[in-house]
Each structure stands twice: as structure tokens, then as C-alpha cells.
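One-letter residues, chain by chain:
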Amino acid sequence: MIEIKKKSLEGMTFIDLFAGLGGFRLALESMGAKCIYSNEWDVPAQKVYADNFGDTPEGDITQVDENNIPDHDILCAGFPCQAFSISGKQRGFEDSRGTLFFDVARIVKVKKPKVVFMENVKNFATHDDGKTLAVVKGTMQELGYTFHQKVLNAVDYGVPQKRERIYMVCFRKDLKIEDFQYPKPFELTHHVEDYLLEEEELVKDLYIDRPDTYFNGVQDNQYSNKSIRLGIVNKGGQGERIYSTKGIAITLSAYGGGIFAKTGGYLIHGRTRKLHPRECARIMGYPDSYKICPNPNQAYKQFGNSVVIDVLQYIAIAIGEALEGKNIPR
């Protein structure tokens, strides 16, 4: 997380849909906004959320009556990517029925928040030749919102991880915000080695010592804003690659196999290991005060599914700047 000096969302309220670990909540609360409702169906994630924020998210959004959700200024949603059952008709709200985005749309339709802030995987931008994104855009415009979208990479915003995601920001049209600008990229100054735990804090089973470990001869002495592959285990498939801590992390994943599953392998003090869940948390922008799931497998999955808090904060700053000076009606 970055330290926010100007709380430009002070006094505003938001809801946290598909909340996961609460990345949106941490980002917007750092800007002074207040969370008044959360929703997350996954029980282990609900438990971690409750441990950190003191309230348990409501489950299964498809069963929630939108009229019972409190009025709010900002709707946040990292909804799962689903295919839309369309044949190029692009009928907006009608075409979004049957998907989890529809649950976002029906809440927006009733509650009319000032801002809708959404995140999804990079491929969402091009899924089904762009028809999926077109439905989302059409739906939001039909509901009375401007629609802005851009794919951003976490490595361009101070986070040493390749993580490309599409971020969608929608303003209610009566606010007359047409020229929203996403945050500009800046040079990376931190690398994986800056996020590592001390050796005494680690468990022994993180280390992998195998006879079928092969190094490629690349010298591990140069910093880079890309991942630096040093070697492989076995045949070098997914989860079998070894990287330098002087580069950036590969994309943390909720799924996938291999000996270094979900984090990739790193050469650290002459030995290879996967990342610890706390190190994953740091690379996703979570502070060390954040309480992570005690089950490592769940923790890896949760952080692999999470949002990068720093990127959300920079976008939230841009949202605050766009709203600043506006005579905002309810």
C-alpha cells in the first residue's frame, strides 16, 4: 500500500462486491471513504475478511435483494469473468442477464451510485472479439453512466509483479465527467528482494532441493523491471521455473501446479524456494498488519485471486481528482 496524503474521498461511502480479501476496501478506506456493505460467497475468504474488518460479508449475491443494499456513493466490484451468451447483438442490460455482472448492473439500476469501479482479468478486454466488454459498456451507458476502461500492469505502478488487469471506471452522467484520466506509469524502484521475509521467519518446506534443477548461466547481479529466469526444475513447465529476486515476480496465480505452484520459484541465498504467503501479500500491496489465512493453500489461492491494492489506490486518487470541485447531487 502507498501512503495517501490527501483523503479526497473523505465522507463518501462505498460497497464492496465480490470482496475477496478486501483489497478494494483497503484502497478506498485509505482515501477516507467508508465501507457500508460487503458481499463475498467464498467461506474461507469471508473468514479472513471478518478477521481483518470486523464484519462478515453477505453471501451469494444472486440471492440478495438490491433494494436491501444501503445507498452508497461508489460501487466496487472485482466480478469474475464469465462468458456472455450473445451472438453479436449487444443488447446491453438484456444481454448481461445470467452472468454475475448482471448482479452489479441490477444494483446500479436501483441505487444509482456516483461511481462504479470494476476490475477483471486482462483477457476480459478482448474476450469474444470484444463483445463481452461491449455488453458491459453498453449496459453501463444504458444505466446512465460514462464508461472508461484501461488495462494496467502492476509493475508500472511501483509493484514488482507482472499483473495486467482491466480497470473500468464509470461516472453517473449528471456529474459531467467525460475526460477521466488513468494514473500515469512511473519507473519501478523496488524488486522481489525488497519484499522477502527474514530467513528465520520461514518454514523449511518452502525450500526445494532437487537433483533435476538446472541453471541457465544467467548472472544474478543485475536489476530489471522484468522477470529474470535463472533456471528450471524438471522440464521447466508452469510452476517449475526459477527466477531472480532482482527482477519482478511472475503473476501470482490461484491455480496451477508444479513444484513452485502459484508463486514461481526464486533463487534466494543460494537455494530455491517458492514465496511465502506473507511475501505474496506484500507483493499484492497488503500491509504486514493484515491477517492472512492460516491455511497456506487457501492463502496462496486468495492472493492469486486478489487485486493489487497500490494500483487501486492510484486509480482511486484519479477518481477523487475527477470528482473534486464538482457540485455532486445525491
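Here goes a summary of the coordinates provided. (Residues numbered from 1 in each chain as written. Predicted model: local features only at pLDDT ≥ 70, side-chain atom pairs only at ≥ 80, totals over all residues. Heavy atoms only, no water.)

1. Some thoughts on the environment of Tyr266
This is how it is decided: Here a strand is any run of E in DSSP of at least two residues, a helix any run of H or I of at least four, and the numbering for each starts at the N terminus. Every residue pair with non-hydrogen atoms within 4.5 Å of one another is taken to be in contact. Residues adjacent in sequence count toward polar contacts only when both atoms are side-chain atoms; beyond that, a polar contact is any pair of N or O atoms within 3.5 Å, and within protein one must be able to donate a hydrogen and the other to accept it.
Tracing the backbone through its elements, the reader meets Tyr266 in strand E11 (residues 265-268). In this structure, the C-alpha to C-alpha distance between Tyr266 and Gly231, residues 35 residues apart in sequence, is 9.4 Å. Ignoring sequence-local partners within four residues, the contact set of Tyr266 consists of Val192, Ile242, Tyr243, Ser244, Thr245, Ala249, Ile250, Arg271, Thr272, Arg273 and Leu275. There is a polar contact of 3.2 Å between the side chain of Tyr266 and the backbone nitrogen of Ile250.

2. Let's talk about the nonpolar core
Stated formally: By nonpolar core we mean a set of buried residues, namely Ala, Val, Leu, Ile, Met, Phe, Trp, Tyr and Cys, connected to one another through side-chain atoms within 4.5 Å. Each residue is placed in one exposure class: buried if its accessible area under a 1.4 Å probe, protein chains only, is under 20% of its type's maximum, exposed if it is over 50%, and partly exposed if it falls in between.
Of all hydrophobic cores here, the largest spans 65 residues; its most connected members are Leu28, Phe117 and Ile315. Top element by residues in this core is helix H7 (residues 309-323). It accounts for nine residues. Excluding residues within four positions of it along the chain, Leu28 makes contact with Leu9, Phe14, Ala33, Ile74, Cys76, Phe117 and Ala316. Within the second largest apolar cluster, 28 residues are counted, among which are Tyr37, Phe79, Phe101 and Val108.

3. Let's talk about the sheet that holds strand E9 (residues 229-233)
Condition: Paired strands are those between which DSSP finds at least two bridges.
Judged by pairing direction, the sheet is mixed, and its six strands sit side by side in the order E7-E12-E11-E10-E9-E8 without closing on themselves. Bordering the open sheet on either side are strand E7 (207-208) and strand E8 (213-215), each of which pairs with just one other strand. Sheet topology note: the E7/strand E12 (residues 271-274) ladder contains two bridges and is antiparallel. Note that in E12 the partner of Tyr207 across the bridge is Arg273.

4. Things to note about the pattern of salt bridges
Which entries qualify depends on this criterion: When a carboxyl oxygen of Asp or Glu is within 4 Å of a side-chain nitrogen of Lys or Arg, the pair counts as a salt bridge.
One pass over the structure, following the stated rule, counts 16 salt bridges. With a shortest N-O distance of 3.4 Å, Glu193 and Lys246 are connected by a salt bridge. Of this pair, Glu193 sits in the loop between strand E6 (164-171) and E7 while Lys246 sits in the loop between strand E10 (241-244) and E11, and the two are 53 residues apart along the sequence. Taking the relative accessible area as the measure of exposure, Glu193 reaches 28% and is therefore partly exposed. The class for Lys246 is buried, based on a relative accessible area of 18%. One continuous salt-bridge network, built from bridges that share partners, spans Arg25, Glu29 and Asp55.

5. Quick notes on the sheet that holds strand E2 (residues 34-39)
The line we're drawing: In this description, a line fitted to the C-alpha atoms serves as the axis of each element, helices being fitted only across the stretch in contact, and the angle between N-to-C directions of two axes falls anywhere from 0 to 180 degrees.
Pairing in this open sheet of six strands is mixed, and the strands run E2-E1-E3-E4-E6-E5 from one edge to the other. Strand pairing shows two members of the sheet lacking a second neighbour, E2 and strand E5 (148-153), which therefore form its edges. Strand-to-strand, the axes of this sheet are offset by a mean angle of 20°, without reference to chain direction. Direction of pairing for strand E3 (residues 74-77) relative to strand E4 (residues 115-121): parallel, over a ladder of four bridges. Each residue of the ladder has a partner; that of Cys76, found in E4, is Phe117. Lying on the sheet, helix H4 (residues 131-142) is in contact with E4, E5 and E6; it crosses E6 at an angle near 20°. Strand contacts of H7: E4, E5 and E6, with the helix running at about 20° to E6, the strand carrying the most contacts.

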